[in-house]
Amino acid sequence: MTQPVLDLPLWAAIIVAFFLLLGAALALIGTIGFLRLPTFYERLHAPTLGTSWGTGGIMVASIIYFSVGSSRLVVHEILIGLFVTITTPVTFMLLARAALHRDRSEGNAAVPAKHAVHAVVEAAEATPRDAVAEVTPLPK
């Protein structure tokens, strides 16, 4: 089923083209970041931004195109945007946690220990205050 091409005013066509190109460029940047970054954990960041912001640009272009073409406000695309905005970061977070669990269980040295931050804080708290005062005198 084909639909006729809408005869958009020039101002609307320029705005739609801008948001389409912006969304496509952001998705492309996310894809390039996915390919160029070296580790799995670094690769998770770029596609998340590219997917969310790229979809947002294309969604805005679609809203403008169909709103101007039908002479009424069309906001169905906002549901798609909400779905992508909510599900993409959650999906990548679950993937990162699964990979982190796998790497820790395999004993990968490149992954920080599970309680590494807590160990540093506990070591700092266990140091006597007098020992710290001898190294760095407290202002009076």
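Asks: I'd like to hear about the overall build of the chain, residue by residue, with values.
Replies: Counting secondary structure elements, the chain contains 6 helices and 0 strands. Along the chain, helices and strands appear, N-terminal first, in the series α-α-α-α-α-α. Taken across its 140 residues, the chain has 21% of its residues classed as buried. Contacts in the chain between residues at least 24 apart in sequence constitute 61% of all its contacts with a sequence separation of at least 6. Surface accessibility of the chain: about 10700 Å² in total, with carbon and sulfur atoms responsible for 71%.

Asks: Report on unusual backbone geometry, specifying residues and quantitative values.
Replies: At Ser 71, a position not held by glycine, the phi torsion is positive, near 60°. The topology assignment puts Ser 71 in the loop between helix H3 (45-70) and helix H4 (77-106).

Asks: How would you explain the pattern of salt bridges if you had to name every residue and give the values?
Replies: Two side chains with opposite charge may pair up if their charged atoms get near one another. Per the counting criterion, the structure on display carries 1 salt bridge. Across the pair Asp 103 and Arg 102 runs a salt bridge whose closest N-O atoms are separated by 3.2 Å. Asp 103 gets classed as buried once you look at its relative accessible area, which sits at 7%. Since its relative accessible area comes to 43%, Arg 102 is described here as partly exposed.

Asks: Can you break down the confidence of the model for the chain residue by residue, with the values?
Replies: When pLDDT is averaged along the chain, the result is 80; 75% of the residues meet or exceed 70. Mean pLDDT values for the elements of the chain range from 52 in helix H6 (residues 129-135) up to 93 in helix H1 (residues 10-36).

Asks: How would you summarise the environment of Ile 58 if you had to cite specific residues and measurements?
Replies: Here Ile 58 shows up in helix H3. A sequence separation of 37 residues divides Ile 58 from Leu 21, and the C-alpha atoms of the two residues are 8.1 Å apart. Beyond its immediate sequence surroundings of up to four residues, Ile 58 is in contact with Phe 19, Leu 20, Gly 23 and Ala 24.

Rules used throughout
Think of each chain on its own: its residues are numbered from 1, step by step along the sequence as written. The model is predicted, so local features are restricted to residues of pLDDT at least 70 and side-chain atom pairs to those at 80 or more, both for listing and for counting; the totals for chains, interfaces and linings are taken over all residues. Note that the side-chain values use all heavy atoms of the structure and ignore hydrogens as well as water. Only DSSP runs of H or I reaching four residues or more are called helices, and only runs of E reaching two or more are called strands; each is numbered from the N terminus. Accessibility here uses a 1.4 Å probe with only protein chains present; expressed as a share of the type maximum, an area under 20% marks a residue as buried, one over 50% as exposed, and anything in between as partly exposed. We call two residues in contact whenever any of their non-hydrogen atoms come within 4.5 Å of each other. Residue burial considers only the protein chains on display, and all accessible areas are found by Shrake-Rupley using a 1.4 Å probe. The term salt bridge refers to a pairing of a side-chain nitrogen on Lys or Arg with a carboxyl oxygen on Asp or Glu at a separation within 4 Å. Per-residue confidence from the predictor is given as pLDDT, running between 0 and 100.

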